[in-house]
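A closer look at the structure
Here's the letter readout for the chains.
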Amino acid sequence: MSDDPISPDSERAGMLAALHAVLVGTLSTLKRKGVLTDEDVDNLFEAGIATFERGEQDPTKEAARLTLEILARSLRG
């Protein structure tokens, strides 16, 4: 491991990537075990996307919405 400090942007990107991996892994496992149906997964992500469609749009909300759409597609496949 390097002694160079990690930039704040890299740290945030790494945390988001790790969270993405854990979320997809968790939901995929629940789906595979029959705890969640395809419809349940769709409903979860539709609710999340609706949250980011409220109010004034900004780049952060747009990025969050796009990330949710990508996560949803990865679980449907």
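This part takes up the nonpolar core. Side chains that are nonpolar tend, in soluble globular proteins, to be buried together. In terms of nonpolar packing, the biggest core is built from 10 residues, these being Val-24, Leu-27, Leu-36, Val-41, Phe-45, Ile-49, Leu-68, Leu-71, Ala-72 and Leu-75. Elements with a contribution of two residues or more to this core: helix 1 (8-32), helix 2 (38-53) and helix 3 (59-76).

Close contact between helix 1 and helix 3 brings their axes to 10 Å; oriented N to C, the two are set at 35 degrees. Two packed elements cross with a definite hand, and for helix 1 against helix 3 that hand is right-handed. On the side of helix 1, the interface is formed by His-20, Leu-23, Val-24, Leu-27, Ser-28 and Lys-31, while helix 3 contributes Leu-71, Ser-74, Leu-75 and Arg-76. Across the contact of helix 1 with helix 3, the residue classes break down as 5 nonpolar, 3 polar and 2 charged.

Here we take up the pattern of salt bridges. Scanning all chains against the criterion turns up 4 salt bridges. Residue Lys-31 is joined to Asp-38 by a salt bridge in which the shortest nitrogen-to-oxygen separation is 3.0 Å. Judged by relative accessible area, which is 47%, Asp-38 ranks as partly exposed. Beyond isolated ion pairs, a larger network of salt bridges with shared partners links Glu-62, Arg-65 and Glu-69.

Definitions and limits used
- Residues numbered from 1 in each chain as written.
- Predicted model: local features only at pLDDT ≥ 70, side-chain atom pairs only at ≥ 80, totals over all residues.
- Heavy atoms only, no water.
- Core = buried A, V, L, I, M, F, W, Y, C linked by side-chain atoms within 4.5 Å.
- Buried < 20%, exposed > 50% of the residue type's maximum accessible area, 1.4 Å probe, protein only.
- Helix = DSSP H or I, 4+ residues; strand = E, 2+ residues; numbered from the N terminus.
- Axes fitted to C-alpha atoms, helices over the stretch in contact; angles between N-to-C directions.
- Left-handed = near helix turned anticlockwise from the far one by under 90°.
- Contact = heavy atoms within 4.5 Å.
- Nonpolar A, V, L, I, M, F, W, Y, C, P; charged D, E, K, R; others polar.
- Salt bridge = Lys/Arg side-chain N within 4 Å of Asp/Glu carboxyl O.

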